[in-house]
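Below are the chains, spelled out letter by letter.
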Amino acid sequence: MRIRLYLLLLLLSFGFSKVQSQSIQEVTGRWYSSNGTNELQLLLSEKYALYKADFWDVVEFSNGKLRLRNQEGETELSLRKNGNRGVLTANGVSLPVQNYKSTNISSREVGKTDVSKDFFKKDQVVLQGIVIPKDTMPLTISIIYNHAFSEGQKKFVEEVDSGGKFKIIYPLEYPQSVMVSVGDAFFYYFSTPGAKQAMVIDEASFKGSWTTAKKLDFMGDLAAENEEFRMLHPEYMKIRNYEENDSLQKTLDSDAYLEYRLKLWQSHHRFYESYFDSVPTSSFIKDYSLRDVRTYAADDLRRYIWMHNLGKNGGRIEAVDVSDEYLDKVVSLMPDEIGDLMTDNYANLTREFTMAAMPKEYKAIHDRSLKYVYEFLSNQSISEENRGIINEWKEKERSRKNTFGNLSFKGDIKPIFESYKEDILDIQRKVRWDHLISKIAGLSTVQRSSIVATYVNMNFTTKGLQVPDYIQAKLGGLNLVPSVLESIEQSIADFEILKNARFVEGVEIAESSDNILRELKEKYKGKVVYIDVWATWCGPCIGEFSNMKRIKESKIKDVVYVYLCAQSTKKSFDIMVKKHELVGDNYFLNEEQYQKLDKEVGITGFPTYLVITKDGKLVREGIKRPSAGEGLVRQLQEFSSRK
């Protein structure tokens with residue numbers, strides 16, 4: 001018995017000694033939690049480590065002990081390996097790890113994150129990680145996300161170094177899904193204000209379809225939940241029925257589409273309930289998923305209004321009217337729950353409500369604007385001849401079709417309009433604001449709050465316009481979510497501080513020699529450069545080309561027009577330039593050139609319009625599209641008139 005015990009102790013001692021003497025090469029690689037969450041705990045190379053969602057230099061590895069250092073200080077770990085498993089110890093706490101991901105997720109532990117506390121925390125996210133390139137290393141990584149209180153997406157771009165490492169810091173106001181784009185990798189993950197996160201991205205794994213789980217590793221806050229979503233999302237995409245839904249949205253009448261889309265939502269809901277019954281899933285992912293398919297259904301039903309006729313009649317957008325019962329059903333899918341803001345579709349849905357889209361809305365806005373503008377002009381001290389012109393204009397406007405809610409001031413009325421332009425434009429803005437207030441009166445507090453915030457951003461602060469006093473005076477009485485009201489008021493205050501720099505003076509252009517903006521600045525010194533950033537597959541981009549022709553016919557002094565085509569093939573670019581007679585400087589940006597432009601400008605979508613001023617500054621906010629017509633002409637004339 002004693003001999004057996006001695007031999008056992010000897011074998012254990014030998015095994016322990018063997019673990020102690022491991023070299024760092026034997027323990028390099030990725031180490032995941034062994035509890036089924038597949039949370040990345042440590043990525044170790046001979047020179048650096050990714051640990052606690054941060055990068056560290058490897059200072060020493062001896063007898064299974066690892067000493068790491070970064071700008072924050074030093075830390076020590078113990079990593080003892082036995083086959084493809086091991087024990088990671090830090091600060092006296094040991095954690096079983098393994099150097100592979102668990103494939104059996106039926107008994108996994110789930111994430112425990114609760115994001116309901118301090119929902120509107122408003123803080124930065126620190127995201128670090130590594131890109132494993134498919135071939136050439138991408139130059140930049142982009143973070144893009146919808147925002148429930150803004151017109152457009154938020155975008156932040158940072159460099160990827162030659163070793164694939166990146167660090168990007170971006171602000172969040174509330175927990176939500178966030179898009180990551182780097183090279184061919186394009187995916188969603190979850191973050192929350194104040195989060196410290198890391199990820200490893202295998203670019204080559206994104207060659208497949210959305211129904212294939214991509215090779216991604218997550219570390220830090222929400223790591224377990226993001227791994228759950230990585231496995232769940234491809235399964236959902238298999239039953240999403242996107243193409244069928246898109247087709248029926250364009251072919252069914254509104255009542256039939258409403259019935260179809262509600263049934264599709266219910267089938268999506270049943271899929272998730274079934275999945276959650278069979279696969280352990282965190283409360284966060286369950287809550288998000290069920291909310292997301294509901295807001296997705298509501299968004300599709302609102303989008304039907306302008307999507308139904310899309311592609312017909314020469315590609316023009318011709319919206320349709322839907323019944324009040326239809327709209328009530330959409331609203332019923334939007335309960336008064338702040339958690340809906342987390343979903344990817346909620347911001348889009350908010351924008352749909354913010355805009356007047358239906359023909360009956362346009363008519364109501366047009367007729368009301370006509371009434372108030374006519375009353376205003378009639379009360380001015382004007383000649384009898386002009387009074388006759390105003391009366392004749394009023395009768396023509398009464399019968400004009402396809403107004404899109406706007407008044408037309410062509411012909412004899414134009415000089416009168418120019419004399420009172422700012423007053424008339426303000427009247428029309430107030431009519432639209434009053435229309436919005438009446439439209440959202442029956443909505444919930446959460447819905448009303450996000451719609452008002454988006455409206456203010458869309459119609460004023462992103463256009464370089466001061467928010468009128470009548471809107472600011474009304475905000476406090478609309479019973480908005482306090483945090484949202486605070487966000488609106490802060491955006492108004494920030495606008496007042498930054499408006500000259502953002503919309504008038506512009507910002508400096510980077511001095512790097514291979515920057516396309518610097519090249520244009522040098523080439524056109526003393527000129528105003530209007531830049532159209534477009535792609536060959538972008539329908540709205542192509543639709544604006546004909547409008548640009550009319551802008552050029554204005555022959556504005558000292559203005560030149562430049563087209564930058566990106567994320568397209570060279571062959572398609574050559575064809576499009578000839579087909580649409582794009583007169584001006586045309587540049588085709590390869591992926592590297594586009595990434596450099598994107599890093600400086602933050603392209604959130606196509607088309608994007610920019611201006612380089614006469615003194616070489618870049619203005620990237622509030623630049624009007626060619627379809628703005630006289631609005632863009634006046635804007636360019638203002639830039640041109642500066643010395």
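Cut-offs and rules
Residues numbered from 1 in each chain as written. Predicted model: local features only at pLDDT ≥ 70, side-chain atom pairs only at ≥ 80, totals over all residues. Heavy atoms only, no water. Helix = DSSP H or I, 4+ residues; strand = E, 2+ residues; numbered from the N terminus. Buried < 20%, exposed > 50% of the residue type's maximum accessible area, 1.4 Å probe, protein only. Areas by Shrake-Rupley, 256 points an atom, 1.4 Å probe, with all protein chains shown as cover. Lys, Arg positive; Asp, Glu negative; His and termini not counted. Charge placed at Lys NZ, Arg CZ, Asp CG, Glu CD. Pairing = 2+ DSSP bridges. Axes fitted to C-alpha atoms, helices over the stretch in contact; angles between N-to-C directions. Contact = heavy atoms within 4.5 Å. Salt bridge = Lys/Arg side-chain N within 4 Å of Asp/Glu carboxyl O. Right-handed = clockwise from strand over helix to strand, strands pointing away. Arc of directions from axis to C-beta. pLDDT = per-residue confidence, 0-100. Phe/Tyr/Trp six-rings, centres within 6.5 Å; stacked < 30°, edge-to-face > 60°. Lys NZ or Arg CZ within 6 Å of the ring centre and 35° of its normal. Core = buried A, V, L, I, M, F, W, Y, C linked by side-chain atoms within 4.5 Å.

**Considering the overall build of the protein chain**
A tally of regular secondary structure across the protein chain gives 20 helices and 21 strands. Projected onto the principal axes, the alpha-carbon positions of the protein chain cover approximately 120 × 60 × 45 Å. Counting only residues that meet the buried cut, the protein chain has 50% of its 643 residues in that class. Roughly 31100 Å² of accessible area belongs to the protein chain as shown, and the carbon and sulfur atoms make up 50% of that amount. Of note, the protein chain has its 89 positive side-chain charges centred 2 Å away from the centre of its 90 negative side-chain charges.

**As for the sheet that holds strand 15 (residues 196-202)**
Spatially, the 4 strands line up as an open sheet ordered 12-9-15-16, and their pairing is mixed. Of all strands in the sheet, those with a lone pairing partner are strand 12 (165-172) and strand 16 (216-220), marking the two edges. The sheet shows a mean angle of 20 degrees between the axes of neighbouring strands, direction not considered. Set on the sheet, helix 3 (residues 223-238) makes contact with strand 15 and strand 16; between it and strand 16 the angle comes to about 160 degrees.

**Some words on the sheet that holds strand 6 (residues 73-82)**
If you walk around this closed barrel you meet the 8 strands as 1-2-3-4-5-6-7-8, and the pairing is antiparallel. Ignoring which end each strand starts from, the neighbouring axes of this sheet average 35 degrees apart.

**Things to note about the pattern of salt bridges**
Under the definition given, this model contains 37 salt bridges. The closest approach of N and O atoms between D217 and R30, which form a salt bridge, is 2.5 Å. Placement of D217 in strand 16 and of R30 in strand 1 (residues 29-33) is noted, with a sequence separation of 187 residues between them. The salt bridge involving D246 is made with K250; its shortest N-O contact spans 2.9 Å. Here D246 pairs with K250, and both are found in helix 4 (residues 242-251), just 4 residues apart, close to one helical turn. D246 sits in the partly exposed class, given a relative accessible area of 25%. Through salt bridges with shared partners, a single network forms among R30, K101, D217, E227 and R230.

**Comments concerning the environment of R303**
Counting through the fold element by element, R303 comes out in helix 6 (residues 283-307). With relative accessibility at 22%, the residue R303 sits in the partly exposed group. For R303 and A357, which are 54 residues apart along the polypeptide, the C-alpha to C-alpha distance reads 9.5 Å. Residues within four places of R303 in sequence aside, it is in contact with Q249 and E352.

**Some thoughts on the pairing of strand 19 (residues 585-588)**
Across the two faces of strand 19 the burial differs, with D585 and Y587 buried and N586 and F588 not buried at all. Inspection of the sheet shows strand 18 (residues 559-565) paired to strand 19 by 4 bridges, in the parallel sense. Considered in strand 19, the bridge of L564 is made with Y587. In the classification by handedness, the crossover that spans strand 18, the intervening helix 18 (residues 570-579) and the parallel strand 19 is right-handed.

**Focus on helix 16 (residues 516-523)**
Residues I516, L517, L520 and K521 constitute the buried set of helix 16. Mapping the buried residues of helix 16 onto a view down its axis gives an arc of 140 degrees, with all of them on the same face. Turning to helix 16, the residues buried within the fold contact strand 17 (528-534), strand 18, strand 19, helix 19 (591-601), strand 20 (608-612) and strand 21 (618-619).

**Some details on the side chain of S205**
Looking at where S205 falls in the secondary structure, it is placed in the loop between strand 15 and strand 16. If we ignore the near neighbours within four places in the chain, the residues touching S205 are K214 and K215.

**Quick look at helix 18**
Taken residue by residue, helix 18 has F573, M576 and V577 as its buried positions. What you see down the axis of helix 18 is that its buried residues fit within an arc of 100 degrees, all on one side. Turned more than 90 degrees away from the buried face of helix 18, the exposed residues are K571, K578 and K579. Those residues of helix 18 hidden inside the fold are in contact with strand 17, helix 17 (539-552), strand 18 and strand 19. Looking at the residues trailing helix 18, positive phi occurs at E581, about 50 degrees.

**Some points on the confidence of the model for the protein chain**
Residue-level pLDDT values for the protein chain average 89, and 94% of them are 70 or greater. With pLDDT under 50 throughout, residues 1-20 is counted as low confidence; its partners more than four residues away or in other chains account for 6 contacts.

**Here's the deal with the packing of aromatic side chains**
Working definition: an aromatic ring pair is given by the centre-to-centre distance plus the angle between the planes. If you walk through the whole model with that rule in mind, you get 38 aromatic pairs. For the pair F271 and Y275, a centre-to-centre distance of 6.2 Å together with 40 degrees between the ring planes defines the contact as tilted. Residue F271 and its partner Y275 are located together in helix 5 (residues 254-278), separated by 4 residues, close to a single helical turn. Here F271 matches Y275 in class, with each residue buried. A cation over a ring is seen here: K165 above Y48, with NZ or CZ 4.5 Å from the ring centre. Above the ring of Y296, the side-chain terminus of R261 is found at 4.6 Å from the ring centroid.

**Remarks on the nonpolar core**
Counting residues in each nonpolar core, the largest one holds 69 residues, and the members touching the most others are Y326, L341, V452 and I488. Ranked by residues supplied to this core, first place goes to helix 6 with 10 residues. Once residues lying within four places of it in the same chain are set aside, the contact partners of L341 are F119, F120, A148, F149, Y174, Q176, Y346 and V446.

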